[in-house]
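One-letter residues, chain by chain:
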Amino acid sequence: AISDESEILVNDDKTRSFVTLPVVSGEAGVLRLIRGVDEVMSLFGSEEYYDEPRVHVSVASMKGDVTTTVTEDNWGGNKKLGNKIS
């Protein structure tokens, strides 16, 4: 299940922002899959996913880091700002 409270996440390079809905039920199963992928990635010398992945559904994306311009007044919902996507 997903939350009805939106969250804005920004990629590491700050070139893209995403409006997301966090996963609130079933997250443990997805995290197990991510950890399995991490193990394979490390076998090939590649970077793993984030230390603390945020399991979510992206519903929109925008160029750049919009967290610098979004305020409580102009954001229609719950304003949670993150700095990474997983």
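You'll find the structure just up there.
What you are looking at is a predicted structure, and each value in this text was computed from that prediction instead of being measured.

Colleague: Hey, could you go over the overall build of the chain for me, with residue numbers and the actual values?
Modeller: Helix and strand counts for the chain come out as one helix and three strands. Walking the chain from its N terminus toward its C terminus, one meets helices and strands in the order β-β-α-β. Taking the contacts inside the chain whose residues are at least 6 apart along the sequence as the reference set, 64% of them involve residues at least 24 apart. Roughly 5,800 Å² of accessible area belongs to the chain as shown, and the carbon and sulfur atoms make up 51% of that amount.

Colleague: Before we move on, could you go through the pattern of salt bridges and cite the residues and values that matter?
Modeller: The tally for this structure, following the rule as stated, stands at three salt bridges. Notably, a salt bridge pairs Glu7 with Arg54, separated by 2.9 Å at the nearest N-O pair. Of this pair, Glu7 sits in strand S1 (residues 7-10) while Arg54 sits in the loop between helix H1 (27-43) and strand S3 (56-63); the two residues are 47 residues apart in sequence, bridging distant segments of the chain. Measuring nitrogen to oxygen at the nearest pair gives 4.0 Å for the salt bridge that ties Asp65 to Lys14. Taken together, the residues Asp65 in the segment after S3 and Lys14 in the loop between S1 and strand S2 (16-22) connect sequence positions 51 residues apart.

Reading the values: rules and limits
By convention here, each chain's residues receive numbers from 1 onward along its written sequence. Selection of residues for local features in this predicted model requires a pLDDT of at least 70, selection of side-chain atom pairs for listing and counting requires 80 or more, and totals for whole chains, interfaces and linings are taken over all residues. The side-chain figures draw on all heavy atoms in the structure; neither hydrogens nor water molecules are used. Numbered from the N terminus, helices here are DSSP runs of H or I no shorter than four residues, and strands are runs of E no shorter than two. For this analysis, residues touch if any pair of their heavy atoms sits within 4.5 Å. Values of accessible area rely on a 1.4 Å probe in the Shrake-Rupley scheme; residue burial ignores everything except the protein chains shown. Whenever a carboxyl oxygen of Asp or Glu lies within 4 Å of a side-chain nitrogen of Lys or Arg, that contact is scored as a salt bridge.

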